[in-house]
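Structural description and commentary
As a plain string of letters, each chain reads:
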Amino acid sequence: MSAENTSKIISKFGGTSMGDATCMLRSAEVALQQKSSVVVVSATSGTTNDLILLGQVAEKGKKEDVQVILEKIKQRHLKIASDLNFKDDELSPLQSHLQELEDMARGILLLKDCSLKAKDALMSFGELLSSRLFVKAMSLVLQKNEQTNRHVFWFHAGDILITDNDFSKAKPQVQDMKEKALSLKGAINRSQTGKGDVYITQGFIGKSLDGFTTTLGRGGSDYSAALFAEALEADVLEIWTDVAGIATTDPRITNKAKGISEISFKEASEMAVFGAKVLHPATLLPAMREDIPVFVGSSFDINLGGTWVKRTVDFYPPVRALALRKNQVLLTLTTPEMLYTHGFLYMVFKIFNDHKVSVDSITTSEVSVAMTLDDSTLLNKSLMDELSRLGDLQVEEGLSLVSLIGNDLHKTSGLAKKIFETIPDINVRVICHGASKHNFCFLVDQTKDKEVVQRLHQKFIEEV
Ligand code: ADP
Ligand code: ASP
Ligand code: MG
């Protein structure tokens, strides 16, 4: 991938690309080669999970467990610092984050209370720590390449990434972000591509207008990078991960998954929303608004190529890829009151709206409505109670949503026949077809989901 004709590149490196000192140095080399102006980094792999666990054990008052997890996080980051030859005076930002983290964990331990607000503040340390380490990795790589006239700056993502205060799933405030980004944008614009300073910041985290730390939801660093790209009017957004781009399905499901060289924004968004973890579901929204091409590639081997996600592409196959979204539940609400009356669906969706829960797909009959959702919804007791008051509520758990993603699927004759002939022995629950020209999806039992994807992949991708 060449950045020759472009000028402003924002590059994001995920958790595995930040895994240890070697990964960080390799990622910094990629940033140098790609002429990145802004680098957005995730926490080192596993750290966000550790921080979530830390909050949970602290809230339960488990003092020893808190100590063990704090120590694990500390050692992981200090080991990387030592491998990157941090000098004593360079360690102080890292040390103060570690100290703040420890103080916060103690606070939660004492109060036995970890609100979503506290949890966001706790989780932010993953990205804060990794970004401090990455500053050093980037400086070492610039030195090695005799580019010491270029400086590496660190900034808190929340200086630009402004959100509302819906902790744990904060919504970015795009207009505020654009204003906050002006001076950085000016500085980048004044420098020549690949010759100017490099700015390092964190993915996943932001700040509310009143200055509290927020997060965008798990896997949100991709979304952060896209929001920075939008606010800074970047020419290209790069997402560097552990696979060489977007494949026809998750390579962990089948080793026959093939790399996709080009895909449209709409198809890639549909893949992300319907379970392809390679991109956070909201990533492409800012890129689409500003028409910024997105490249997805492997920081482990840049020569493997990757995927360009763009508004228009050369080729629009009917079936491009398959996605799998696990941990789904099917809620079926039945009431004779639906017959010949209006307003029932309004009442159902008002409840979801009030609880800020999104429904993935729905089907209705005269007297019932069936909806698929993430199984975490079941934990929301008041939502479930309110739904139950509307009629008889049936809950089926242990399901997965399988999607075929492509183009003009709503007009492709014989598609359903071909799909279900491939899996005649599988019980299919709800089918959704027609609402999107890019998606045909259905629910299957979780125990059969991989097999279903493998068989459909063979039929629709390998045999074509
Ligand atoms: P990062 O930490 O870099 O954000 P993620 O683990 O979030 O990385 O996303 C990369 C992973 O996404 C890959 O390792 C791969 O298993 C998974 N994945 C799921 N669907 C796809 C797909 N269609 N193409 C490529 N990777 C996919
Ligand atoms: N570190 C965060 C997470 O693990 C965000 C990210 O990696 O994208 O969810
Ligand atoms: Mg990710």
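This text goes with the structure placed above it.
Here's a quick rundown of the structure. (Residues numbered from 1 in each chain as written. Chains lettered and ligands numbered in written order. Predicted model: local features only at pLDDT ≥ 70, side-chain atom pairs only at ≥ 80, totals over all residues. Heavy atoms only, no water.)

Structural notes on the pairing of strand E1 (residues 9-13)
Among the 5 residues that make up E1, 5 are buried, leaving the element largely enclosed by the rest of the structure. Of the two faces of E1, the one carrying Ile9, Ser11 and Phe13 and the one carrying Ile10 and Lys12 are both buried. One ladder, built from 5 bridges, connects E1 with strand E8 (residues 236-241); its direction is parallel. Looking at E8, one finds that Ser11 is bridged to Glu238. At this point the chain moves from E1, through helix H1 (residues 21-33), to the parallel strand E2 (residues 38-41), and the crossover so formed is right-handed. (Buried < 20%, exposed > 50% of the residue type's maximum accessible area, 1.4 Å probe, protein only. Helix = DSSP H or I, 4+ residues; strand = E, 2+ residues; numbered from the N terminus. Pairing = 2+ DSSP bridges. Right-handed = clockwise from strand over helix to strand, strands pointing away.)

A few points about the sheet that holds strand E15 (residues 392-406)
Reading across from one edge, E13-E14-E12-E15-E17-E16 is the order of the 6 strands in this open sheet, with antiparallel pairing throughout. The sheet is open, and its two borders are formed by strand E13 (361-364) and strand E16 (428-433), each paired with just one other strand. Averaged over all pairs of adjacent strands, the angle between their axes in this sheet comes to 25°, without regard to strand direction. Across 4 bridges, the pairing between E13 and strand E14 (residues 368-374) is antiparallel. Following the sheet pairing, Thr364 is matched in E14 by Val369. Set on the sheet, helix H12 (residues 381-388) makes contact with strand E12 (319-334) and E15; between it and E15 the angle comes to about 105°. Packing against the sheet, helix H13 (residues 415-422) makes contact with E12, E15, E16 and strand E17 (439-445), and its axis sits at approximately 25° to E17. (Axes fitted to C-alpha atoms, helices over the stretch in contact; angles between N-to-C directions. Contact = heavy atoms within 4.5 Å.)

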